[in-house]
2 protein chains.
Amino acid sequence: MKYVLPMLLLLCIGCKEQAQKETLAQFLTKGKFVDLSYSYSEQTLYWPNNPTGFKLDTQFNGITPGGYYYSSNAFFSPEHGGTHLDAPVHFAKGKWSTDEIPVEQLMGDAVVIDVSEKVINNADYQATVDDVLAWEKEHGQIPDGAIVLFKTGWGKYYPDAAKYLGTAEKGQEATAKLHFPSIHPDLASWLTKNRKIKAAGIDTPSVDYGQSKDFKTHQILYAENILGFENIAHLEELPATGAYIIALPMKIKGGTGGPLRIVAWLPQ
Amino acid sequence: MKYVLPMLLLLCIGCKEQAQKETLAQFLTKGKFVDLSYSYSEQTLYWPNNPTGFKLDTQFNGITPGGYYYSSNAFFSPEHGGTHLDAPVHFAKGKWSTDEIPVEQLMGDAVVIDVSEKVINNADYQATVDDVLAWEKEHGQIPDGAIVLFKTGWGKYYPDAAKYLGTAEKGQEATAKLHFPSIHPDLASWLTKNRKIKAAGIDTPSVDYGQSKDFKTHQILYAENILGFENIAHLEELPATGAYIIALPMKIKGGTGGPLRIVAWLPQ
């Protein structure tokens, strides 16, 4: 008995030491990453009034005079298409541009709110405060610093414009034909007043629904420097809680948004 | 005494439980992030033979007919400029393009090898096997899965082309005037044969030095699906060991590289 006590003390200390010394690389081996980003290509979806989408121009692809293989491209893209960031300045003058967003704002606990049953017969569905309260009843209050993601199931249509956007037509007039679900402005307002979130994201083209004319959800969230993540891929792979989001945008000086590489880490 | 034993057992179990239940968000509070990425702007540096660098076109910036503020841009960029990824296919036919790189390959323990004293009087310096062996003598062998970063101190010149590239001239002929340090092909070869690294990075424009004509370091590394990270910013903020790199590129389908948002996490 007189040896058990010191041994247990050593065990306790050892256990604490081990926890303190664990590296991030070691910690991450206890889970896996899921890529929530679509690739950029000529299939990438943009708002219908963009005259041009993503263009990749081959600069060189082949054997050089020096005898070795070489390939290189240049590209063009509007900031707002594919899996992308909305910087707050997109709808809120004076708020963060893409390059001004602190790195810590781009990472946080994922809160995944499933509204996929609500949108089945209603492409114009807007997620409500009640949807969030129902989620919280089951999973607890949205933690401070969370990244709140709305799962509509719309990703299964990407990149079929007719199904995903509601229209495959192009031009300003086509914007009236957009139909996809998103976040109701009343919920955006409630989130800014009652919860402390870093970003709101969705697996549809916009944080306002397709039929929005005034983009109120954008205006309300971005006025508070809350970020928008749009066209998120593979949201169906995330659980309601427990995932962690790392979302790093191309760092465009003065950007109003831009291509976003967003991944989730899932503990296993 | 008879109460001490059960209490210690509970403490031990509690301590282990706590360690197991720790979330990634909680783990990350034990350190801080450093952004190692330059912003994209008209100041962004590209290889001199690129006819055009980064261009940001304002699509709209002002009050809309609906009465709310709105701003949006489109942009153009060659894949290889600013803080960017070289995908292996840039110099190795059939190897990973940007979108094919597994997410896990983009993250790892940072090994930071300081060659800044070697380059002071030699802008054409190429890091050697001896530089790595000297680092290993002090810090131990480069761990499997590491991201090996060479710190030359060149970042202090960015974006002054004359100092950073060695010439501010443009066009194909200017490439002969490039002077900046990088990684010797012999070291690249040694790394592929003797260590298992995910990526090699540097705070200069290229993983081959400015005077390279055949880009052997590129060829050697990329043939083994090792990634290149170029024009890394703020490398002076990283310690020799202990930092963890998360480097997420814009996901360009078939890309030979592209804009890279690279951050380091430093335990504190």
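In the annotation of an unreviewed UniProt entry, chain A is listed under the name Kynurenine formamidase and assigned to Lacibacter cauensis.

## With respect to the interface of chain B and chain A
Listed by partner, the interface residues are 71 residues for chain B and 71 residues for chain A. Carbon and sulfur atoms make up 69% of the area that chain B and chain A hide from each other, which totals about 6300 Å². Ranking the residues of chain B by area buried against chain A places Phe-75, Lys-251 and Arg-261 of chain B at the top, with a combined share of 12%. Linking chain B to chain A there are two salt bridges. Between Lys-251 of chain A and Asp-35 of chain B there is a salt bridge, with its nearest N and O atoms 2.9 Å apart. Across the chain B-chain A interface, the total number found is 22 residue pairs in polar contact (both at pLDDT 80 or more). At the level of elements, helix H1 (4–21), helix H2 (24–28), strand S1 (31–35), strand S2 (55–63), strand S3 (69–78), strand S5 (107–114), strand S11 (244–249) and strand S12 (257–267) of chain B are the ones that each hand at least two residues to the side of chain B that touches chain A. When residues of the side of chain B that touches chain A are assigned to their parent elements, the largest contribution, ten residues, is made by S3 of chain B. Across the side of chain B that touches chain A, the residue classes break down as 41 nonpolar, 16 polar and 14 charged. Taken together, the five bridges between strand S3 (residues 69–78) of chain A and S3 of chain B define a ladder with antiparallel strand orientation. When the bridges of S3 of chain B are listed, Phe-76 of chain A appears paired with Phe-76 of chain B.

## Some points on the nonpolar core
Membership of the largest hydrophobic core comes to 72 residues, with the highest contact counts inside it found for Phe-229, Leu-238 and Ile-245 of chain A together with Phe-229, Leu-238 and Ile-245 of chain B. With 40 residues, the next largest nonpolar core counts Ala-92, Ile-113, Val-115 and Ala-146 of chain B among its residues.

## What about the pattern of salt bridges?
Residue and element names in this part refer to chain A. For the structure on display, the rule yields 13 salt bridges over all chains. Put simply, Lys-30 and Glu-22 hold a salt bridge, and the shortest N to O gap is 3.0 Å. Measuring nitrogen to oxygen at the nearest pair gives 2.8 Å for the salt bridge that ties Glu-136 to Arg-195. Taken together, the positions of Glu-136 in helix H3 (residues 129–139) and Arg-195 in the loop between helix H5 (185–194) and strand S9 (197–202) put the pair 59 residues apart, joining distant regions of the chain. Take Glu-136 and Arg-195: they sit in the same class, and that class is buried.

## Details of the relation of the copies chain B and chain A
Mapping chain B onto chain A calls for a screw motion: a turn of 180° about the axis and a shift of 0.0 Å along it, with 0.0 Å RMSD after fitting. A rotation of that kind, with that shift, is consistent with a two-fold axis. Considering only C-alpha atoms, the residue of chain B closest to the rotation axis is Phe-76 of chain B, which sits at 2.2 Å. Interface overlap between copies: 100% of the residues of chain B at the interface are likewise at the interface in chain A, consistent with a symmetric, same-surface contact.

## Points about the environment of Phe-27 of chain B
Relative to the assigned elements, Phe-27 of chain B resides in helix H2. On the basis of relative accessibility, which here comes to 1%, the residue Phe-27 of chain B falls in the buried class. Spatially, the C-alpha atom of Phe-27 of chain B lies 9.6 Å from that of Pro-267 of chain B, the residues being 240 residues apart in sequence. Among all residues touching Phe-27 of chain B, those that are not within four sequence positions of it are Glu-22, Thr-23, Leu-24 and Phe-27 of chain A together with Glu-22 and Trp-265 of chain B.

## Here's the deal with empty space enclosed by the protein
Inspection of every chain in the model, using the stated rule, returns one cavity of 30 Å³ or more. Volume-wise, the largest cavity comes out at about 30 Å³. Lining the largest cavity are Leu-248, Pro-249, Met-250, Pro-259 and Arg-261 of chain A together with Leu-248, Pro-249, Met-250, Pro-259 and Arg-261 of chain B. Of all the secondary-structure elements, those providing two or more residues to the lining of the largest cavity are strand S11 (244–249) and strand S12 (257–267) of chain A together with S11 and S12 of chain B. Of the residues in the lining of the largest cavity, the class split is eight nonpolar, no polar and two charged.

## Overview of the confidence of the model for chain A
Caution applies to low-pLDDT parts of the model: their predicted coordinates are not meant to be read in detail. Here chain A averages 95 in pLDDT, and 93% of its residues register 70 or above. If you check the scores for this complex, the pTM reads 0.94 and the ipTM reads 0.94.

## Some thoughts on the pairing of strand S10 (residues 227–230) of chain A
All names here are of chain A. Side chains Leu-227 and Phe-229 project from S10 onto one buried face, and the interleaved Gly-228 and Glu-230 project onto a second face that is buried too. Bridge count between strand S4 (residues 84–86) and S10: three bridges; the pairing is antiparallel. The partner of Leu-85 across the bridge, within S10, is Phe-229. Two strands pair when backbone bridges link them, and S9 and S10 are joined in this way by three bridges, in the parallel orientation. Each bridged residue has a counterpart across the sheet, and for Ala-200 the counterpart in S10 is Gly-228. Between the parallel pair S9 and S10, the chain is carried across by helix H6 (residues 216–222), and the sense of this crossover is right-handed.

## Some points on the side chain of Asp-131 of chain B
Residues and elements named next belong to chain B. In this fold, Asp-131 is placed in helix H3 (residues 129–139). In terms of polar contacts, Asp-131 uses its side chain to reach the side chain of Lys-118, at 2.5 Å. Here the side chain of Asp-131 touches Tyr-125 through a polar contact of 2.6 Å, side chain to side chain.

## Focus: the packing of aromatic side chains
For the structure on display, the rule yields 30 aromatic pairs over all chains. Between the aromatic rings of Phe-91 of chain A and Tyr-70 of chain B, the centroid separation amounts to 5.1 Å while the plane-to-plane angle is 65°, which identifies the pairing as edge-to-face. Here Phe-91 of chain A, found in the loop between S4 and strand S5 (107–114), pairs with Tyr-70 of chain B, found in strand S3, and the two come from separate chains. For Phe-91 of chain A, a relative accessible area of 7% translates into the label buried. Both rings, one in Tyr-38 of chain B and one in Tyr-158 of chain B, keep their centres 3.7 Å apart while their planes meet at 5°; by these two values the pair is stacked. Of this pair, Tyr-38 of chain B sits in the loop between S1 and S2 while Tyr-158 of chain B is found in the loop between strand S7 (146–151) and helix H4 (161–164), placing the two residues 120 residues apart along the sequence. No difference in accessibility class separates Tyr-38 of chain B from Tyr-158 of chain B, as the two residues are buried. Ring pairs connect the aromatic residues Trp-47, Phe-91, Phe-180, Phe-215 and Tyr-222 of chain A together with Phe-60, Tyr-68 and Tyr-70 of chain B, which therefore count as one cluster.

What counts, and at which threshold
Counting restarts for each chain, with residues numbered from 1 along the sequence as it is written. All chains are assigned letters beginning with A, and all ligands numbers beginning with 1, in the order in which they are written. This being a predicted model, a pLDDT of at least 70 is required before a residue's local features are given, and a value of 80 or more before pairs of side-chain atoms are given or counted; all residues contribute to the totals for chains, interfaces and linings. To get the side-chain values, take all heavy atoms of the structure and skip hydrogens and water. Any two residues whose heavy atoms approach within 4.5 Å are treated as being in contact. In this description, buried area is defined as the sum, over both parts, of the accessible area (probe of 1.4 Å) that is lost when the two are combined. We define a salt bridge as a contact between a side-chain nitrogen of Lys or Arg and a carboxyl oxygen of Asp or Glu at a distance within 4 Å. Throughout this description, a polar contact denotes any pair of N or O atoms lying within 3.5 Å of each other; where both atoms belong to protein, one of them has to be capable of donating a hydrogen while the other can accept it, and for residues adjacent in sequence the pair is counted only when both atoms sit in side chains. Think of it this way: any DSSP run of H or I at least four residues long counts as a helix, any run of E at least two long counts as a strand, and we number them from the N terminus. Polar here means any residue other than Ala, Val, Leu, Ile, Met, Phe, Trp, Tyr, Cys and Pro, which are nonpolar, and Asp, Glu, Lys and Arg, which are charged; Gly is therefore polar. Pairing between two strands requires that DSSP report at least two bridges joining them. Only buried Ala, Val, Leu, Ile, Met, Phe, Trp, Tyr and Cys residues count toward a nonpolar core, and they belong to the same one when joined by side-chain atoms within 4.5 Å. Only protein chains enter the calculation, and the probe is 1.4 Å; a residue is then buried if its accessible area is under 20% of its type maximum, exposed if over 50%, and partly exposed in between. Least-squares superposition of the copies uses the C-alpha atoms of those residues scoring a pLDDT of at least 70 in each of them. The distinction between a cavity and a pocket rests on a 1 Å grid over the protein atoms alone: a 1.4 Å probe fits inside a cavity but cannot get out, while a pocket stays open yet meets protein on both sides within 12 Å along at least five of seven lines, and a residue with an atom within 4 Å of a point counts as lining. Grid points are joined across faces, edges and corners, and a volume is the space filled by probe spheres set on the points. Values of pLDDT, the confidence the predictor places in each residue, fall between 0 and 100. If you view a crossover with the strands going away from you and the path from the first strand over the helix to the second runs clockwise, you call it right-handed. Two aromatic rings from Phe, Tyr or Trp, using only the six-membered ring of Trp, form a pair when their centres are within 6.5 Å; if the ring planes differ by under 30 degrees the pair is stacked, by over 60 it is edge-to-face, and anything between is tilted.

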